[in-house]
Structure formats: structure tokens, C-alpha cells
Amino acid sequence: DGGITQSPKYLFRKEGQNVTLSCEQNLNHDAMYWYRQDPGQGLRLIYYSQIVNDFQKGDIAEGYSVSREKKESFPLTVTSAQKNPTAFYLCASKVGGAGTGELFFGEGSRLTVL
Amino acid sequence: DAKTTQPPSMDCAEGRAANLPCNHSTISGNEYVYWYRQIHSQGPQYIIHGLKNNETNEMASLIITEDRKSSTLILPHATLRDTAVYYCIVRASGGNQGGKLIFGQGTELSVKP
């Protein structure tokens, strides 16, 4: 079945460590997104990419980095520069370019910094 | 993208219609209204979207006012499984404007027996 897969589902890390969250989609979508969600809050956009080898910062990009070397993959690295990384991270994809395609979300990755 | 305003929470009795409002007074002519919902600790799920006309699908109906400054999502017969946070977002279609999608705080709908 086509879909979007995030891994790991749960992740623990020590302060000062970088960690990379995986996001893979087999929907042949051009655009991919990373959002962060804190308890009781809405989704905040970290980074997005509308095409391979290109990406743009969202509203809270500081302390995060991404790459888009393949159409199906958009990994997010949470660096040690991110001051408060404990959160629920959501990846999404959609048909890019012109059009009104809906967003498809993964099931999320919950990161806890110890 | 236009900012949206939603009530933080609403209750609805099981079997009754749930009407969730959204204000988007600064919406532009090429911006669509989208609704998503998120059940606790899961990824959000697309519900419906529209531009000017009212829309209906198997999940819900979307009513957009004539001036497009507000809209209402209607769940015709709410069930306990409809308990979730509902997000209203507006975004442009096409070109670079279709890229950045901003979610607000949403409305937490509680369906009660």
C-alpha cells in the first residue's frame, strides 16, 4: 500500500546529541514537510521541500537540518543547537506544484531528550 | 497564507451534528479552505477542502460564506470516534504559494455519549 512512513516511532537521546528522524514516502509526491507539535499545541512548520535537492525553512527551522537527495526521502536532523527538542514530530507529503493536493501524514516520531 | 481563528474546544452529543466554525477574514481570492483532524498522538487526516462552493464528501460537509471570510465544517452524525482536534487552514493553489502550509491551534471536539 502507498503511504508515508516515519521511524523511529519513539526515540530517546541525551542532551548534546544529534538525532536523525526518517521519513519515506512511496506516493510519488514532490512536496514533503516536517512539523513539530508540543503538548496541547498545533503543528508548527520546521522545513519543507517542493522538489528534490531543494528545501525551504519554515517558521521554526533553528536547530534543525534536512536533506532531499531522493524524491521519496526527507530526513530531519535535530541538532544539539535545538534548545528544546522534546516534541512530537510529523512528516507529510503532497503532490507538488499547481493543484490542490491534500497532505498525507505519517504516524509521527516522539523524541524525548533526557 | 491567511490566518485562521477557531474556538479552542467544543462539545457535541453523539448522533447529533457537529458544526465547527472557522474565521479567515483575510483570505485571498486564490486561497482554498482545508480541514484536517488529528486523533490523539496520530498524524492528522485530511477531511475536505473548498474554494467558494459548499462541498460534501463521505466524511463531512463544508459550508463557505459568500464573502469567504468564514466557513463551517459539519459532521452530520457525530460518533465517539470523531473526538479529535480539527484544524482549519487556508492556502493558495499553484506555484510557490502552494508550498508553505500553516496549521493553527485547532478546535478540540469532544463527542459525548
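Definitions and cut-offs
- Residues numbered from 1 in each chain as written.
- Chains lettered and ligands numbered in written order.
- Predicted model: local features only at pLDDT ≥ 70, side-chain atom pairs only at ≥ 80, totals over all residues.
- Heavy atoms only, no water.
- Disulfide = S-S within 2.5 Å.
- Helix = DSSP H or I, 4+ residues; strand = E, 2+ residues; numbered from the N terminus.
- Buried < 20%, exposed > 50% of the residue type's maximum accessible area, 1.4 Å probe, protein only.
- Contact = heavy atoms within 4.5 Å.
- Phe/Tyr/Trp six-rings, centres within 6.5 Å; stacked < 30°, edge-to-face > 60°.
- Pairing = 2+ DSSP bridges.

Draft legend 1. Broad picture of the state of the cysteines. Applying the stated rule across the entire model yields two disulfides over all chains. Paired through a disulfide, A:Cys23 and A:Cys91 show a sulfur-sulfur distance of 1.9 Å. Its torsion about the S-S bond being -75 degrees, the disulfide of A:Cys23 and A:Cys91 is classed as left-handed. Highlighted residues: A:Cys23 in strand E3 (residues 19–25) and A:Cys91 in strand E9 (residues 87–94), separated in sequence by 68 residues. Take A:Cys23: its relative accessible area is 0%, and that puts it in the buried class. Covalent S-S linkage joins B:Cys22 and B:Cys88, the inter-sulfur distance amounting to 2.1 Å. Measuring the twist about the S-S bond at about -80 degrees, one finds the B:Cys22-B:Cys88 disulfide to be left-handed.

Draft legend 2. View of the environment of B:Asn19. Residue and element names in this part refer to chain B. Among the structural elements, Asn 19 can be located in strand E2 (residues 18–23). Each C-alpha atom of the pair Asn 19 and Ile 48 lies 14 Å from the other, and the pair is 29 residues apart in sequence. Non-local contacts of Asn 19, meaning those with residues more than four positions away in its chain, are made with Met 10, Thr 72, Leu 73 and Ile 74.

Draft legend 3. Representation of the packing of aromatic side chains within the structure. All chains considered together, the criterion is met by 13 aromatic pairs over all chains. Taken together, a centroid distance of 5.9 Å and an interplanar angle of 65 degrees make the contact between A:Tyr64 and A:Tyr89 edge-to-face. Placement of A:Tyr64 in strand E7 (residues 64–66) and of A:Tyr89 in strand E9 is noted, with a sequence separation of 25 residues between them. Across the pair, A:Tyr89 and A:Tyr64 agree in class, each one buried. Of the aromatic side chains, those joined through ring pairs into one cluster are A:Tyr33, A:Tyr35, A:Tyr48, A:Phe105, B:Tyr34, B:Tyr36, B:Tyr46, B:Tyr87 and B:Phe103.

Draft legend 4. How the structure looks around the sheet that holds strand E7 (residues 70–75) of chain B. Residue and element names in this part refer to chain B. Judged by pairing direction, the sheet is antiparallel, and its four strands sit side by side in the order E2-E7-E6-E5 without closing on themselves. Looking at which strands have only one partner, the edges of the open sheet turn out to be E2 and strand E5 (55–56). Sheet topology note: the strand E6 (residues 61–64)/E7 ladder contains four bridges and is antiparallel. Pairing of Ile 63 across the sheet is with Thr 72, part of E7.

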